[in-house]
Amino acid sequence: MAAPRPPPARLSGVMVPAPIQDLEALRALTALFKEQRNRLHHSLIPKLLLCEIPILSKADVKIARNDFREDRSQGKGGAHVRGRWQRIRETAPRTIFQRVLDILKKSSHAVELACRDPSQAENLASSLQLITECFRCLRNACIECSVNQNSIRNLDTIGVAVDLILLFRELRVEQESLLTAFRCGLQFLGNIASRNEDSQSIVWVHAFPELFLFLIITDLFLKSSELVQAMFPKLNNQERVTLLDLMIAKLTSEEPLTKDDIPVFLHHAELVASTFVDQCKTVLRLASEEPPDDEEALATIRLLDVLCEMTANTELLGYLQVFPGLLERVIDLLRMIHVAAKETTNVFSTCGCVRAEGDISNVADGFKSHLIRLIGNLCYKNKDNQDKVNELDGIPLILDNCSVSDSNPFLTQWVIYAIRNLTEDNSQNQDVIAKMEEQGLADPSLLKQMGFEVEKKGEKLILKSTRDTPKP
């Protein structure tokens, strides 16, 4: 269990009008940190210099100003100074982030004042602008830069950010600027924690459980892909299951994903798919005589459930169809589970009767069905994946799983679905099944149930479909 969150360090003071030079300097610095590989646009240089930015040292400003003027006079387009600014981004001194933090703290006074006195909320516009730009600047500075992550973390910026985000909850205003500041704050927390265990721990200490529970309840946690990706490794199995259940609920909601949801869920898809590829074999432990704690297995199984729902969404399907190693791992896992079920009696074994509806005795229920469903989805109108399943001898494997199973309801239906997607406009896969039928390896009655029939024309066997093609 995480350490208790320290009490918020409430900020006190009076609202101070936002100096325009602070806002302009922050915007320029935000752009500076965003640019990669010396791509800083020359138009940003004079904006940074003319603002007399207190964020940078006088030496840096003087050198950059002279370089910019020299390059401009020689017609170099500012290439030299762009290189200098890029080096500043990668070796940003601690004083830069201290100055940004000071601006953030000063602007936070207005938020706290508005929380105490709602009549002051109408004066928040300039402060929210500064807060948003501070978060954007810090967010960009943390991208793929552990040095900046560590510098910002060591200033206790994480604690200030979490306290400020929690203050946002108390504001009784409907302002788009507030929502923008809120989102930028979450993105900053996600970026500072990304691939940085020390930062992840600090975010966890400050944000759990109060902020995380708020984000989950308000459906805002799923909207921050950076925060989800950064904090997922810190969650225990039970917390992961809760998060994955939220994803399933969102994906299966009567309201489809919006155009703003799609980019976020593409990031979620990357996280879920990569985690499943890395950890899915842990489910095989359930086949042992003394199965381990079901929580770990349930978390892995829930990853599969999410992948099934994601691949049922046409906006996410294409990304997952080409995700490296996903289809291969699913087929490999299905084969291992199928072999384990035949060798010994375990949670993956097939029983000859169907239990009453709702009678679920273990976490492996439906796992095989969902593996086959995922294979079918990944092969939907995708010739490369159809051929890959054939190359991996996946077609006989899928057909061999077509049987009544109380632990895998609708198994036969998902086999039918997968075979139809595997054979659509794919004569080679159709030939494989036709030859299996001739050799007695495929049940003709089963093929008929699937909507297929085998015809012999001369020396050639043809698998004919008698139904329309299903959708994922």
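None of the values given here were measured: they were computed from a predicted structure. (Residues numbered from 1 in each chain as written. Predicted model: local features only at pLDDT ≥ 70, side-chain atom pairs only at ≥ 80, totals over all residues. Heavy atoms only, no water.)

A. Fine view of the environment of Cys115. Of note, Cys115 is situated in helix 5 (residues 94-116). A relative accessible area of 19% means that Cys115 is categorised as buried. Sequence separation of Cys115 and Glu170 is 55 residues, and the distance between their C-alpha atoms is 5.9 Å. Residues within four places of Cys115 in sequence aside, it is in contact with Leu167, Glu170 and Leu171. (Helix = DSSP H or I, 4+ residues; strand = E, 2+ residues; numbered from the N terminus. Buried < 20%, exposed > 50% of the residue type's maximum accessible area, 1.4 Å probe, protein only. Contact = heavy atoms within 4.5 Å.)

B. Inspection of helix 11 (residues 210-217) at higher detail. Residues Leu211, Phe212, Phe214 and Leu215 constitute the buried set of helix 11. Along the axis of helix 11, the buried residues cluster in a sector spanning 160°; they form a single face. Against helix 8 (157-168), helix 9 (176-193), helix 10 (197-207) and helix 12 (225-231) lie the buried residues of helix 11. Positive phi shows up at Asp219, right after helix 11, with a value of about 65°. (Arc of directions from axis to C-beta.)

C. Examining the side chain of Asp387 more closely. Considering the arrangement of structural elements, one finds Asp387 in helix 19 (residues 383-391). A polar atom in the side chain of Asp387 sits 3.0 Å from the side chain of Asn426. When near neighbours in sequence (up to four residues on either side) are disregarded, Asp387 contacts Asn426 and Gln428. (Polar contact = N/O pair within 3.5 Å; in protein donor to acceptor, adjacent residues only side chain to side chain.)

D. Geometry of the confidence of the model for the protein chain. Overall, the predicted model of the protein chain reaches an average pLDDT of 77, with 69% of residues at or above 70. Considering only residues more than four positions removed or in separate chains, one finds that residues 36-55, a stretch of pLDDT under 50, has 48 contacts. Per-residue pLDDT stays below 50 along residues 352-361; that stretch engages in 9 contacts with residues further than four places along the chain or on separate chains. (pLDDT = per-residue confidence, 0-100.)

E. Spotlight on the packing of helix 6 (residues 125-141) against helix 9. Put simply, helix 6 and helix 9 touch, their axes get as near as 8 Å, and they point 20° apart. Here helix 6 lies roughly parallel to helix 9, going by the angle between them. Judged by the twist between their axes, the crossing of helix 6 over helix 9 is left-handed. Taking contact as the criterion, the partners of Leu128, Ile131, Thr132, Phe135, Arg136, Leu138 and Arg139 in helix 6 are, on helix 9, Ser177, Leu178, Thr180, Ala181, Cys184, Gly185, Gln187, Phe188 and Asn191. Here the residues of the contact of helix 6 with helix 9 are counted per class, giving 8 nonpolar, 6 polar and 2 charged. (Axes fitted to C-alpha atoms, helices over the stretch in contact; angles between N-to-C directions. Parallel < 35°, antiparallel > 145°, perpendicular 65-115°, else oblique. Left-handed = near helix turned anticlockwise from the far one by under 90°. Nonpolar A, V, L, I, M, F, W, Y, C, P; charged D, E, K, R; others polar.)

F. Representation of the packing of aromatic side chains. Applying the stated criterion across every chain, the model contains 9 aromatic pairs. Seen in terms of ring centroids, Phe168 and Phe182 are 6.3 Å apart; in terms of plane orientation they differ by 45°. Their pairing is tilted. On the criterion of sequence distance, the pair formed by Phe168 in helix 8 and Phe182 in helix 9 is long-range, its members being 14 residues apart. Across the pair, exposure class does not vary: Phe168 and Phe182 are buried alike. Between Trp414 and Tyr417 the ring centres are 5.5 Å apart and the planes differ by 85°, which places this aromatic pair in the edge-to-face class. (Phe/Tyr/Trp six-rings, centres within 6.5 Å; stacked < 30°, edge-to-face > 60°.)

G. Examining the nonpolar core more closely. Among the nonpolar cores identified, the biggest contains 121 residues, and Phe168, Leu189, Phe276, Met310, Leu326 and Ile398 are the most heavily contacted of them. If one sorts the elements of this core by residue count, helix 5 sits on top with 10 residues. Once you skip the residues sitting within four places of it in the chain, Ile398 turns out to touch Leu334, Ile372, Ile375, Val389, Val415, Ala418, Ile419 and Leu422. (Core = buried A, V, L, I, M, F, W, Y, C linked by side-chain atoms within 4.5 Å.)

H. Local environment of unusual backbone geometry. The linkage connecting Phe208 with the following residue, Pro209, adopts the cis geometry, with an omega of 0°. A positive phi angle, near 50°, is found at Glu144, a position not held by glycine. One can find Glu144 in the loop between helix 6 and helix 7 (146-154). Overall, Glu144 belongs to the exposed group, its relative accessible area being 75%. Phi at Asp156 takes a positive value of approximately 65°, unusual for a residue other than glycine.

I. Quick look at the environment of Ile262. Considering the arrangement of structural elements, one finds Ile262 in helix 14 (residues 261-279). According to the relative accessible area criterion, Ile262 is buried, its value standing at 12%. The sequence separation of Ile262 and Asn313 amounts to 51 residues, and the corresponding C-alpha distance is 10.0 Å. Residues in contact with Ile262, not counting those within four places in the same chain, are Leu257, Glu315 and Leu316.

J. Expanded view of the pattern of salt bridges. What the rule picks out here adds up to 14 salt bridges. In this structure, the salt-bridge partner of Arg27 is Glu133, at a minimum N-O distance of 3.9 Å. Separated by 106 residues along the polypeptide, Arg27 in helix 1 (residues 20-34) and Glu133 in helix 6 bring together distant segments of the chain. When its relative accessible area of 36% is taken as the criterion, Arg27 is described as partly exposed. Judged by its relative accessible area of 7%, Glu133 falls in the buried class. Note that Arg373 is salt-bridged to Glu309, the shortest N-O span being 3.5 Å. In this pair, Arg373 is assigned in helix 18 (residues 367-378) and Glu309 in helix 15 (residues 294-310), connecting sequence segments 64 residues apart. (Salt bridge = Lys/Arg side-chain N within 4 Å of Asp/Glu carboxyl O.)

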